[in-house]
Amino acid sequence: FKEFLRINTMHPNPNLAACVEWVRKEAADLGMTVKVVEFHEGLPVVVTTKLGRDPSLPSVVLNCHMDVVPVVADKWDKLPSGETPFTAW
C-alpha cells in the first residue's frame, strides 16, 4: 500500500493515471474485474468487482477517492508513506 501512497495525487495536477494502474494491478492480483469510467475528462472512477459465492446475498460497496489537497510541507515531519515531505516525488 505504501507504493500507492507514494503516487503524487496533489492538486492541481494529481497523477490519477498512476493510481488507476496501481488499482488495476492490485485488483487483478485479487482476481477482481476492473472498469474505469470518466464522467469528467481526466477524473477517472475505478470500479472493481469481486463476485461472491452466493449472488442472492446483498452486495458490499467500498468507496474512496484518489486525489488530495496540497500538502503544507512545513507542517509534516513525514508523509503517511514514511518519506520526508516532497522527497517521495
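Criteria and cut-off values
- Residues numbered from 1 in each chain as written.
- Predicted model: local features only at pLDDT ≥ 70, side-chain atom pairs only at ≥ 80, totals over all residues.
- Heavy atoms only, no water.
- 1 Å grid on protein atoms, 1.4 Å probe; cavity = no way out; pocket = protein on both sides within 12 Å on 5 of 7 lines; lining within 4 Å.
- Points joined across faces, edges and corners; volume = space filled by probe spheres on them.
- Helix = DSSP H or I, 4+ residues; strand = E, 2+ residues; numbered from the N terminus.

Let's shift gears to the layout of surface pockets. One water molecule sets the probe size; rolling that probe over the atoms shows where empty space is left. Considered as a void within the structure, the largest pocket measures approximately 1200 Å³ in volume. Taken together, 33 residues line the largest pocket, and the ones lying closest to its centre are Met32, Val47, Thr48, Thr49 and Leu62. Among the secondary structure elements, those contributing two or more residues to the lining of the largest pocket are helix H2 (16–29) and strand E2 (43–49). Tallying contributions element by element places E2 first for the lining of the largest pocket, with seven residues.

For Val61, the position within the fold is in the segment after E2. Separated by 13 residues in sequence, Val61 and Thr48 have C-alpha atoms that sit 9.8 Å apart.

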